[in-house]
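Per-entry structural report
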There are 2 protein chains.
Amino acid sequence: MTSAPFDYAPLWPAGLPAAAAKWTGLARYSFVGGNNDAEQVPVADLTAAAVSVLTREGHMLATYGLASGPQGYLPLRDFLAGKLKRDAGMTCTADDILIVSGSLQALDLVNHALLARGDTVIIERDCYQGSINRLTRMGVNIVGIPLDGDGMRMDSLAAALTELKAKGIQPKYIYTIPTVQNPTATIMPDSRRRELLALADEYGVPVFEDDCYADLVWSGERPPAIHALDGSGRVIHIGSFSKSIAPALRVGFIVAPWPILSRMLALKTDAGSGALEQMVLAEYCVPHFATHVPQATRGLRAKLDTLMDALNEQFGTAAEFEEPKGGIFLWVKLPDNVDAMRLSQAAQKAGVSINPGPEWSVDQRHAHSRIRICFASPTHQDIRDGIALLADICRTEFGVPERIANVAQAKG
Amino acid sequence: MTSAPFDYAPLWPAGLPAAAAKWTGLARYSFVGGNNDAEQVPVADLTAAAVSVLTREGHMLATYGLASGPQGYLPLRDFLAGKLKRDAGMTCTADDILIVSGSLQALDLVNHALLARGDTVIIERDCYQGSINRLTRMGVNIVGIPLDGDGMRMDSLAAALTELKAKGIQPKYIYTIPTVQNPTATIMPDSRRRELLALADEYGVPVFEDDCYADLVWSGERPPAIHALDGSGRVIHIGSFSKSIAPALRVGFIVAPWPILSRMLALKTDAGSGALEQMVLAEYCVPHFATHVPQATRGLRAKLDTLMDALNEQFGTAAEFEEPKGGIFLWVKLPDNVDAMRLSQAAQKAGVSINPGPEWSVDQRHAHSRIRICFASPTHQDIRDGIALLADICRTEFGVPERIANVAQAKG
């Protein structure tokens, strides 16, 4: 028998994604990804919840789905139904909810239930990279709608819907992150949500509402979910515990009417999401969620202040941004001569990771000089040091920010 | 705005699976599924492990992948590398292992990395329903190889490979469950594993080794994994903790060389499997796995005895089976006039769920009168009562087993 390495390459099917790179660890200053503040993980209460629920129901781990069926652990779905009513005005029951392995599995299930190669969808122009990548990989045509300070622009949406209709194209959905949009951090007001729904109704398009950051609003108050404003079942709503509790727990959820929820359930071929995570989360959230979130949010808000101070100090007027009302990221416009892709590469080499705008937008020109900076995970000191280093790199590569401006700014 | 229910049906892409049925709970006597014995879940030790690992590393939940990278929690991969060496003779390191959400996600990742519609694969004639369904859904041609008491028959495999080659068809893989085959419970001996590898080498085909039941051998000893006998990297090996610890924990693994592991990693779009489950499992398994498994296996063995006694008592010679050397299921041949699909439906109505053979085979005629009976989950008393009820239903529907034979058998 030969021991020459077996060559898999001739077996690859068409369209197989490129190989993943070997993981080399997080950058020294990591401003990417949805990682949380390690100090904000409620370790003691999660541990107590684990002891409590395992002692009481641990034997149920012998049964797939914990005898709650394939939609997920019933106490967690019951908690969610109450939370979504209280916080987002949504009317749903445990039967309308499918627990999934993070909102990323939710994205995949919604996409596979509705999309085929060549289909068209409408999304926000600047958008979560993972959503854009999934659509690109599926061969779906993306129409990007510009945003303003209130999120997706309704005039642009109306124009896009009209244009598509004129071409005989029926978009499969309007995807929006209305509450702390990724990456712009805008929050769509109630009135615009109603406009969006009216347009969706007029053109017969479902709305795909991704609310995964919605718990992280500084004021603690958010507009009703688009799902809450709809009476027709056209809104598919997804959410996650990644941002509110801990991202390494892979627990998200889909709220949708049974005709499409049942299709997504058929596509979910993993015999349910992790039971232990669902059990511990449910046990923890019932008593603690409502008090934990404001505390975690205060910590995020403080880190945002540190980040904005550091940017003002190090970049001066060269860094333009709107102050977010919530979330974990800041969308920053640098001077036009800054190539964000090149900046990102140079920064990575120097131990600073940032998200270059072109990877978070469907409009490469618009995003050319923009970057996304995530601030939840690094310490306050690392935020200050990392942004100073980023400014140095930007200056070396592009001549901005000018040193004199920063010194003046720092002293000012 | 209309409140008429939104109709998703016009949006379905081609090939979308049928809607899942609403879950209606487990049957009164459930002899299906990989559910474990609730009494065998090591609740106290799992709870202690949760406390220990959360107290020490709970703050790591703030970071996707727990700073172990996308292949999964490093201590769990390290445990697996040692366990696979000790039990299965495999040589691999943590770098060769990808932790996944149960072996079902492993099946999906392997299939999506290698298969396209119209491809051909070789599997065992009687085979795990989930594997058959996945391949059917993907539009893949299945060649089923008959089994004997030592698993997949090598003369039939050689003939199939020759025939495919003559037709110019290159099979994408040979899929086998060599250690406690599902549903036949056969264990392929060392010598046959080497024959299989030699054939795979001769015809240039990868081997897809599914070892998810391999821990459950009564003797505690199993032949080396096919992966262990190969020096070329042609074997993709998958396994799971579902059968050895608890099925509701969705933790499985893939061992494969980097050229294909990196492709599967790129296809794994869920930002890692559940961290809490991985942490608790690693913390539990290092000290307890080696002692827990033999204890759990003794419990399974006792339930198998109860099942075989009940079948002998209730069905007499009408139920034919080989005594398994391990696992959680018995593959039973009933008289030829028994239509296993019809029996299964009648039994379901009466509160007894069994797997009809035709759903666990690619040869409908061969499997026509066969059923799979899972024995890990029901109590000893439920095994006795459920099999008695099944015999009654079989008698009513098909006239076998004859009552007189049973009475004689029961008294004998």
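The shown structure was predicted, so the numbers you read here are calculated from the model rather than taken from an experiment.

About the thresholds
- Residues numbered from 1 in each chain as written.
- Chains lettered and ligands numbered in written order.
- Predicted model: local features only at pLDDT ≥ 70, side-chain atom pairs only at ≥ 80, totals over all residues.
- Helix = DSSP H or I, 4+ residues; strand = E, 2+ residues; numbered from the N terminus.
- Rg over C-alpha atoms; globule rule 2.2 N^0.38 Å.
- Buried ≥ 20, exposed ≤ 12 C-beta atoms within 10 Å, placed from the backbone.
- Contact = placed C-beta atoms within 7 Å.
- Expected span 1.5 Å × (residues − 1).
- Nonpolar A, V, L, I, M, F, W, Y, C, P; charged D, E, K, R; others polar.
- Core = buried A, V, L, I, M, F, W, Y, C linked by C-beta atoms within 7 Å.
- Domains from an automatic or database assignment.
- Pairing = 2+ DSSP bridges.
- Axes fitted to C-alpha atoms, helices over the stretch in contact; angles between N-to-C directions.
- Parallel < 35°, antiparallel > 145°, perpendicular 65-115°, else oblique.
- Least-squares fit on C-alpha atoms with pLDDT ≥ 70 in both.
- pLDDT = per-residue confidence, 0-100.

Here's the deal with the overall build of chain A
Each helix and strand counted, chain A has 13 helices and 14 strands in total. Relative to the compact-globule value of 22 Å for 412 residues, chain A shows a C-alpha radius of gyration of 22 Å, a close match. Residues counted as buried form 55% of the 412 residues belonging to chain A. Sequence-distant contacts, at least 24 apart, represent 75% of the contacts inside chain A between residues at least 6 apart.

Overview of helix α3 (residues 102-114) of chain A
Residues and elements named next belong to chain A. Between the first and last C-alpha of α3 there are 19 Å, a value that for 13 residues agrees with the 18 Å anticipated at 1.5 Å per step. Burial within α3 is extensive, with twelve of its 13 residues counted as buried. Among the residues making up α3, those that are buried are Gly 102, Ser 103, Leu 104, Gln 105, Ala 106, Leu 107, Asp 108, Leu 109, Val 110, Asn 111, Ala 113 and Leu 114. Buried residues along α3 sit against β2 (97-100), α4 (129-137), β8 (207-210), β9 (235-240), β10 (252-255) and α8 (258-267).

Details of the interface of chain B and chain A
In this complex, chain B contributes 87 residues to the contact, which on the side of chain A involves 88 residues. Counting only elements with at least two residues in the side of chain B that touches chain A, the list comes to α1 (43-57), α3 (102-114), α6 (190-203), α8 (258-267) and α9 (275-315) of chain B. Classifying every residue of the side of chain B that touches chain A by side-chain character gives 50 nonpolar, 27 polar and ten charged.

So, the nonpolar core
By size, the foremost hydrophobic cluster in this structure holds 270 residues, and its most contacted members are A:Ile254, A:Phe375 and B:Ile254. Excluding anything up to four places from it in sequence, A:Ile254 contacts A:Leu98, A:Val100, A:Ala106, A:Leu109, A:Ile236, A:Ile238, A:Leu261 and A:Met264.

Quick look at the domain arrangement of chain A
Accessible area lost on assembly of the parts is the figure often given for the size of an interface. Residue and element names in this part refer to chain A. Taken domain by domain, chain A comprises domain 1 (27-40 + 293-411) and domain 2 (43-288). Between domain 1 and domain 2, the residue contacts involve 25 residues of the former and 26 residues of the latter. Where the side of domain 1 that touches domain 2 is concerned, the elements lending two or more residues are α9 (275-315), β11 (329-333) and α11 (364-367). It is α9 that contributes the most residues to the side of domain 1 that touches domain 2, six residues altogether. Partitioning the side of domain 1 that touches domain 2 into residue classes produces eleven nonpolar, eight polar and six charged.

Structural notes on the environment of A:Leu334
Residues and elements named next belong to chain A. Positionally, Leu 334 belongs in the loop between β11 and α10 (340-349). Under the C-beta neighbour-count criterion, Leu 334 is labelled buried, with 22 such atoms within 10 Å. In this structure the C-alpha to C-alpha distance between Leu 334 and Ala 318, which are 16 residues apart in sequence, comes to 5.7 Å. If we ignore the near neighbours within four places in the chain, the residues touching Leu 334 are Ala 318, Ala 319, Ser 369, Ile 371 and Cys 394.

Topic: the sheet that holds strand β14 (residues 370-374) of chain A
For sheets, the rule is that strands pair by backbone hydrogen bonds, running either parallel or antiparallel. Residues and elements named next belong to chain A. Strand order in the open sheet formed by three strands is β11-β14-β13, with antiparallel pairing between adjacent strands. Two strands bound the open sheet, and with one partner strand each, they are β11 and β13 (355-356). Where β13 lies against β14, two bridges are found, and the strand directions are antiparallel. Its bridge partner being in β14, Asn 355 is matched across the sheet by Arg 372.

Here we look at the pairing of strand β2 (residues 97-100) of chain B
All names here are of chain B. On β2, burial covers both faces: Ile 97 and Ile 99 on one face and Leu 98 and Val 100 on the other are all buried. Inspection of the sheet shows β2 paired to strand β10 (residues 252-255) by four bridges, in the antiparallel sense. The partner of Ile 97 across the bridge, within β10, is Val 255.

Some remarks on the pairing of strand β11 (residues 329-333) of chain B
Residues and elements named next belong to chain B. When you tally the buried positions in β11, you get four out of five residues, the bulk of the element. Bridge count between β11 and strand β14 (residues 370-374): five bridges; the pairing is antiparallel. Bridge pairing in β14 links Lys 333 to Arg 370.

Details of the packing of helix α5 (residues 154-166) of chain A against helix α6 (residues 190-203) of chain A
Residues and elements named next belong to chain A. Orientation of α5 relative to α6, taken along the N-to-C sense of each, is 5 degrees, at an axis distance of 10 Å. Between α5 and α6, the angle falls in the class roughly parallel. Every residue of α6 that contacts α5 at Met 154, Leu 157, Ala 158, Leu 161 and Lys 165 is listed here: Arg 192, Glu 195, Leu 196, Leu 199 and Tyr 203. Here the contact of α5 with α6 is composed, by residue class, of seven nonpolar, no polar and three charged.

With respect to the relation of the copies chain B and chain A
Superposition record for chain B on chain A: RMSD 0.0 Å, screw rotation 180 degrees, translation along axis 0.0 Å. Such a combination of turn and shift is consistent with a two-fold rotation axis. Mapped onto chain A, 100% of the interface residues of chain B again fall at the interface, so both copies present the same surface.

Some details on the sheet that holds β11(B)
An order of β11-β14-β13 (chain B) is seen for the three strands of this open sheet, with the pairing classed as antiparallel. Since the sheet does not close on itself, it has two edges, and those belong to β11 and β13 (355-356) of chain B, each with one partner.

Concerning the confidence of the model for chain A
For chain A, the mean per-residue pLDDT works out to 95, and 97% of the residues sit at or above 70. Across residues 405-412 of chain A, where pLDDT falls below 50, the model places nine contacts with residues more than four positions away in sequence or in other chains.

A few points about unusual backbone geometry
Here the amide bond leading from A:Val400 into A:Pro401 is cis, since omega sits at -5 degrees, within 30 degrees of zero. Summarising the element assignment, A:Pro401 is placed in the loop between α12 (380-398) and α13 (403-411). For B:Val180, which is not glycine, the phi torsion reads 65 degrees and is therefore positive. Tracing the backbone through its elements, the reader meets B:Val180 in the loop between β7 (174-176) and α6. The buried category is assigned to B:Val180, around which 27 C-beta atoms lie within 10 Å. One non-glycine residue, B:Ala185, adopts positive backbone phi at about 65 degrees. For B:Ala185, the location among the structural elements is in the loop between β7 and α6.

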